[in-house]
Amino acid sequence: MPTSRETILTALHTLLHALPATALRGEVLPERVPTDGLLILRDGEPGEPEVTLSPLRYHYQHRAEIEAVVQGADRDAAFGTLCASIGLAIAADRTLGGLCDWIEAEAPRPVDLPIEGAAALKAAVIPVVLHYSTADSLA
């Protein structure tokens, strides 16, 4: 039986699959970036939970990360469009179908990465905070 954490991360990955980019989870950056862009979900850190005792609940602010990568001549516009699509998808379902209390993305930190003999990459890490509670810190 999957844990609450795994269920929520799987739902977030499924949400990314609906976007016009290739969505991976926990993979290394491939040699070639798809023309529509690439999203890699990193599981991140659940952090130290706040605990309530009656009933016992662990309240997490889990920080996952989405690596967004585009390549090509018009990479600035493609990057902006990809980031906007992530924001719209998250805003459309802030609870991931009721699996978590709230989900919010933070501003990306973009960088240009030169590639010898090819068009440069524009990439960013987009932190995503997942607020959820569980009755077991291992579940």
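Above this text you will find the structure in question.
Residues numbered from 1 in each chain as written. Predicted model: local features only at pLDDT ≥ 70, side-chain atom pairs only at ≥ 80, totals over all residues. Heavy atoms only, no water.

*Asks:* Would you mind going over the overall build of the protein chain with me for this structure?
*Replies:* Each helix and strand counted, the protein chain has two helices and seven strands in total. Beginning at the N terminus, the succession of helices and strands in the protein chain can be written as α-β-β-β-β-α-β-β-β. Principal axes of the C-alpha set define a box for the protein chain whose edges measure 60 × 25 × 25 Å. Per-residue burial for the protein chain yields a buried fraction of 36% across its 139 residues. For the protein chain, contacts bridging at least 24 residues in sequence account for 58% of all contacts bridging at least 6. Roughly 7800 Å² of accessible area belongs to the protein chain as shown, and the carbon and sulfur atoms make up 56% of that amount. Taking the average location of the 10 positive side-chain charges in the protein chain and that of its 19 negative ones, the two points are 1 Å from each other. (Helix = DSSP H or I, 4+ residues; strand = E, 2+ residues; numbered from the N terminus. Buried < 20%, exposed > 50% of the residue type's maximum accessible area, 1.4 Å probe, protein only. Contact = heavy atoms within 4.5 Å. Areas by Shrake-Rupley, 256 points an atom, 1.4 Å probe, with all protein chains shown as cover. Lys, Arg positive; Asp, Glu negative; His and termini not counted. Charge placed at Lys NZ, Arg CZ, Asp CG, Glu CD.)

*Asks:* I'm lost on the nonpolar core in this one. Help?
*Replies:* Generally speaking, soluble globular proteins have nonpolar side chains that are buried together. Judged by nonpolar contacts, the single largest core of 31 residues is most densely connected at Leu12, Leu39, Ile66, Leu96, Ile103 and Leu130. Those elements giving two or more residues to this core turn out to be helix H1 (4-17), strand S2 (38-45), strand S4 (56-71), helix H2 (75-92) and strand S7 (118-134). Other than its neighbours up to four places away in sequence, Leu12 contacts Leu41, Leu96, Ile103, Val128 and Leu130. (Core = buried A, V, L, I, M, F, W, Y, C linked by side-chain atoms within 4.5 Å.)

*Asks:* Quick question: what am I supposed to make of the side chain of His13 here?
*Replies:* Within the secondary structure, His13 is located in helix H1. Ignoring anything within four residues of it in the chain, the contact list for His13 reads Ala23, Leu24, Arg25 and Leu41.

*Asks:* Explain the packing of aromatic side chains here, please?
*Replies:* Across all of its chains, the model carries one aromatic pair by this definition. We note Arg5 situated over the ring of Tyr60; from NZ or CZ to the ring centre the distance is 5.6 Å. Over the ring of Phe79 we find Lys122; its NZ or CZ atom is 5.8 Å from the centre of that ring. (Phe/Tyr/Trp six-rings, centres within 6.5 Å; stacked < 30°, edge-to-face > 60°. Lys NZ or Arg CZ within 6 Å of the ring centre and 35° of its normal.)

*Asks:* Before we go on, may I ask you to explain H1 in this structure?
*Replies:* Since the α-helix advances by 3.6 residues per turn, residues separated by three or four positions end up pointing in the same direction. Spanning 14 residues, H1 covers 20 Å between terminal C-alpha atoms, matching the ideal 20 Å at 1.5 Å per step. Turning to H1, its buried residues number three or more, namely Arg5, Ile8, Leu9, Ala11, Leu12, His13, Leu15 and Leu16. (Expected span 1.5 Å × (residues − 1).)

*Asks:* What exactly am I supposed to notice about unusual backbone geometry here?
*Replies:* Most peptide bonds take the trans form, and the phi angle of most residues other than glycine is negative. In this chain, Ser54 is followed by Pro55 through a cis amide linkage whose omega measures 0 degrees. Secondary-structure assignment places Pro55 in the loop between strand S3 (50-53) and S4.

*Asks:* Sorry, what's going on with the environment of Leu9 here?
*Replies:* Structurally, Leu9 is set in helix H1. Residue Leu9 is classed as buried on the basis of its relative accessible area of 3%. With 66 residues separating them along the chain, Leu9 and Arg75 place their C-alpha atoms 28 Å apart. Non-local contacts of Leu9, meaning those with residues more than four positions away in its chain, are made with Arg25, Leu41, Asp43, His62, Ala64 and Leu130.

*Asks:* Before we go on, may I ask you to explain H2 in this structure?
*Replies:* End to end, H2 covers 25 Å across 18 residues, agreeing with the expected 26 Å (1.5 Å per residue, within 8%). Those residues of H2 that sit buried are Phe79, Leu82, Cys83, Ser85, Ile86, Ala89 and Ile90. All buried residues of H2 fall inside an arc of 155 degrees around its axis, so they share one side. For H2, the exposed residues set more than 90 degrees away from the buried face come down to Asp76, Thr81, Leu88 and Ala92. Buried positions along H2 lie against H1, S2, S4, strand S5 (102-105), strand S6 (109-115) and S7. (Arc of directions from axis to C-beta.)

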